[in-house]
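# Summary of structural features
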Amino acid sequence: MVKIYNFSAGPAVLPKSVLERAQAEMLDWHGSGMSVMEMSHRGKEFTSILEKSEADLRTLLSVPSNYKVLFLQGGAIAENAMIPLNLLVDKTADYVVTGSWSKRSVEDACVFGQIDIAASSEAENFTHVPAYASWKLNKNAAYVHICTNETINGVEFDGLPNTGDVPIVADMSSHILSRPIDVSKFGVIYAGAQKNIGPAGLCIVIVRDDLLGRASKQTSAVFNWKTQADNHSMINTPPTYSIYIAGLVFEWLLKQGGVAEIERKNIAKAKLLYDYIDSTDFYSNNIKVQNRSRMNIPFFLADESLNNAFLEGANQAGLLQLKGHRMVGGMRASIYNAMPIEGVQALVAYMKDFASNH
Ligand SMILES: *Cc1c(COP(=O)(O)O)cnc(C)c1O
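Residues numbered from 1 in each chain as written. Predicted model: local features only at pLDDT ≥ 70, side-chain atom pairs only at ≥ 80, totals over all residues. Heavy atoms only, no water.

### Some details on the overall build of the protein
On a plain count of helices and strands, the protein comes out with nine helices and 14 strands. A compact globule built from 358 residues should have a C-alpha radius of gyration of about 21 Å, and the protein, at 21 Å, falls within 12% of that. Overall size of the protein, expressed as C-alpha extent along the three principal axes, is 60 × 55 × 30 Å. Looking at the protein residue by residue over its 358 residues, the buried ones come to 56%. (Helix = DSSP H or I, 4+ residues; strand = E, 2+ residues; numbered from the N terminus. Rg over C-alpha atoms; globule rule 2.2 N^0.38 Å. Buried < 20%, exposed > 50% of the residue type's maximum accessible area, 1.4 Å probe, protein only.)

Following this line, the structure appears as C-alpha cells:
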C-alpha cells in the first residue's frame, strides 16, 4: 500500500499518534469505564480534561493571566458574528481585507453596525498584505479585525501593525500554534479547530479581560464571551469530544518541543516546497515573498490543461486533496503542523517527476 499524505486545507491531517491514542482510549478513558463522549461535562473526569487542555494551550502560547481561553462552538465563522455582538456596541470597527476569509468577516459583521475597510489587497488579487503605513485606521474604532493567515489565498502576515490603543482582533484559524506569537499584542485571537488543532466545529477564543462585558443587550448568554468566561465555556454543553482531541494535540505539540520547535520544522517544510516552485517555470506561486504562507501554499502549473493529470497522478502516489480552492484555481498544498517533512519531500519528488514527464 502506498503511504498517504493528506494536504487538505481543512478539516486537515491530525498527528497519527493522537488518532491512535484516541482509538486506544475510545471505550474506556483512563479506567473510568466510559468513552469521553459519554461523560457528564460537569463530572470530574471531563473537568480534568478541559482544565488540562486549557493549561497546555496556555503553556504553548504563553497566554498572559489577564486573558481568558474559551472553547466555543460554531467554528470560526460563528465568531464573525460574535465579535461585533461582543465589541461593536455604539462604535465603528476597522477591517483589513487580505483574502477570502477576511472578506467574509466583513460581510458577516456588516449587519451589526458600521464596518470600515482600513485596507484591502482585493484589487491586486490578494497577493500581499497592504503596507501597514497605508492602513486608514480610526483611533476611535472598537477594534481592528485582521486574518493573519489567509487559508485560501496563501497569504500570511509578517509582523503586526501598530494600532495604538485599538485592540487587534485576529482570525488565526489556519496558523495558530504554527509559530510563536505575542498574545499581549492582541485583544482577541480566535481559531476554528479543524486546521491546526482538532475536529471541526470547535472554536478557540483567547480574549483580554477588559474586553469582556461590552456585549450588546441582544447577545444571548451562549454567544456572550463574558458569560462563557464566567462559566468556563459551560453555559451549555461544550463540544466535549472535540475539546478532548484538541487536548491530545496540545500534548503532542508539547512533546514535539512546543511552538518554537514546530516553527523550525514548518520553516523547513515551506522552504522545501517554495524553493522548488521558484526553481522551475513549470510551476509558480504569485504571492509576495514576505507574505507567503508557511501553512497553505497555492501553486499553478504553467500549462493548466495538465491540472487533471497532475491531480490524478498525485492521488495514485498517495498525495491527497491537492486541488486548489475554486476561487483561486490551480493547486494548493496545506502543510500544517501535523504534516511531516516526509510528506513535503514526497510532494516535491512527485512534482519533479511530473514536470520531467510533461
Ligand atoms: C477555515 C477557516 C474559517 C472557517 O472556519 P469554519 O470552521 O468553517 O467556521 C475561517 N477563517 C479562516 C482563516 C479559516 O481558515
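### Looking at the site of the ligand
Taken together, the neighbourhood of the ligand is formed by Gly75, Ala76, Ile77, Trp101, Cys147, Asn149, Thr151, Asp171, Ser173, Ser174, Gln194 and Lys195. Note that an oxygen atom of the ligand is positioned 2.6 Å from one of the side-chain N or O atoms of Lys195. Counting residues per element, the shell around the ligand draws most heavily on helix α3 (residues 75-87), at three residues. The residue makeup of the shell around the ligand, split by class, is four nonpolar, six polar and two charged. (Near = heavy atom within 4 Å. Polar contact = N/O pair within 3.5 Å; in protein donor to acceptor, adjacent residues only side chain to side chain. Nonpolar A, V, L, I, M, F, W, Y, C, P; charged D, E, K, R; others polar.)

### A short note on the domain arrangement of the protein
You can read the domains of the protein as domain 1 (17-255) and domain 2 (258-357). Of note, the centres of domain 1 and domain 2, computed from C-alpha atoms alone, are 27 Å apart. The interface of domain 1 with domain 2 comprises 27 residues on the first partner and 24 residues on the second. Across the domain 1/domain 2 interface, buried area totals approximately 2100 Å², and carbon plus sulfur atoms make up 54% of it. The tally of links between domain 1 and domain 2 comes to zero salt bridges. Broken down by element, the side of domain 1 that touches domain 2 gets its largest block of residues, three residues, from helix α6 (residues 240-255). Here the side of domain 1 that touches domain 2 is composed, by residue class, of twelve nonpolar, eleven polar and four charged. (Domains from an automatic or database assignment. Contact = heavy atoms within 4.5 Å. Buried area = accessible area lost by both parts, 1.4 Å probe. Salt bridge = Lys/Arg side-chain N within 4 Å of Asp/Glu carboxyl O.)

### Examining helix α4 (residues 100-109)
For α4, the complete set of buried residues consists of Ser100, Ser102, Ser105, Val106 and Ala109. At its buried positions, α4 is contacted by α3, β3 (93-97), β4 (115-120), β5 (144-147), β6 (149-150) and β9 (188-192).

### Thoughts on the packing of aromatic side chains
Pairs of aromatic rings are described using the distance from one ring centre to the other and the angle between the two planes. Evaluated as defined, the whole model comprises 14 aromatic pairs. Seen from their ring centres, Tyr132 and Trp135 are 5.3 Å apart, and the 85° between their planes marks the pair as edge-to-face. Classification of Tyr132 by relative accessible area gives partly exposed; the value is 25%. Members of the aromatic cluster, joined through ring pairs, are Tyr276, Phe282, Tyr283, Phe299, Phe310, Tyr350 and Phe354. (Phe/Tyr/Trp six-rings, centres within 6.5 Å; stacked < 30°, edge-to-face > 60°.)

### Observations regarding unusual backbone geometry
Following Gly10, the chain continues to Pro11 via a peptide bond in cis, the omega torsion being -5°. With respect to the secondary-structure elements, Pro11 resides in the loop between β1 (5-6) and α1 (16-24). The phi angle at Phe126 is positive, at roughly 55°, despite the residue not being glycine. Along the polypeptide, Phe126 turns up in the loop between β4 and β5. Assessed through its relative accessible area of 8%, Phe126 is described here as buried.

### Regarding the packing of α3 against α4
Interaxial distance between α3 and α4 falls to 9 Å at its minimum, and their mutual angle equals 50°. When the axes of α3 and α4 are compared, the pair comes out oblique. In the packing of α3 onto α4, the handedness of the crossing is right-handed. Residue-level contacts link Ile77, Asn80 and Pro84 of α3 to Trp101, Arg104, Ser105, Asp108 and Ala109 of α4. Tallied by class, the residues present in the contact of α3 with α4 amount to four nonpolar, two polar and two charged. (Axes fitted to C-alpha atoms, helices over the stretch in contact; angles between N-to-C directions. Parallel < 35°, antiparallel > 145°, perpendicular 65-115°, else oblique. Left-handed = near helix turned anticlockwise from the far one by under 90°.)

### Description of α3
The end-to-end C-alpha separation of α3 is 19 Å, in line with the 18 Å expected for 13 residues at 1.5 Å each. Of all the bends in α3, the greatest, near 30°, is centred on Ala81, and the proline Pro84 appears no more than four residues after it. Burial analysis of α3 places ten of its 13 residues in the buried class, the great majority of the element. (Expected span 1.5 Å × (residues − 1). Bend = angle between axes of the 7 residues up to and from the residue.)

### Comments concerning the environment of Arg264
Mapped onto the secondary structure, Arg264 falls in helix α7 (residues 258-279). Taking the C-alpha atoms as reference, Arg264 lies 8.4 Å from Arg179; in sequence the two are 85 residues apart.

### Considerations on the nonpolar core
Ranked by size, the top nonpolar core spans 54 residues in total, and within it Leu177, Ile197, Ile206 and Tyr244 carry the most contacts. Per-element tally for this core: the top contributor is α6, with ten residues. Counting contributing residues per domain, this core is built from domain 1 (17-255) and domain 2 (258-357), each supplying no fewer than three. Sequence-distant contacts of Ile206, defined by excluding residues within four places in its chain, comprise Leu61, Val63, Tyr67, Lys68, Val69, Val183, Gly187, Val188 and Ile189. (Core = buried A, V, L, I, M, F, W, Y, C linked by side-chain atoms within 4.5 Å.)

### Re the sheet that holds strand β2 (residues 67-73)
Spatial strand order, β2-β10-β9-β8-β5-β3-β4: seven strands in an open sheet with mixed pairing. A single partner strand is all that each edge strand has here, and the edge strands are β2 and β4. Strand-to-strand twist across the sheet, computed as the mean angle between neighbouring axes with direction ignored, equals 20°. As paired strands, β3 and β5 are joined by two bridges and run parallel to one another. Counterpart to Asp94 in the pairing with β5 is Val144. Of the strands in this sheet, β2, β3, β5, β8 (168-171), β9 and β10 (202-208) are in contact with α3, which crosses β9 at around 155°. On top of the sheet, α4 reaches β3, β4, β5, β8 and β9; it is set at about 150° to β3, its chief contact. (Pairing = 2+ DSSP bridges.)

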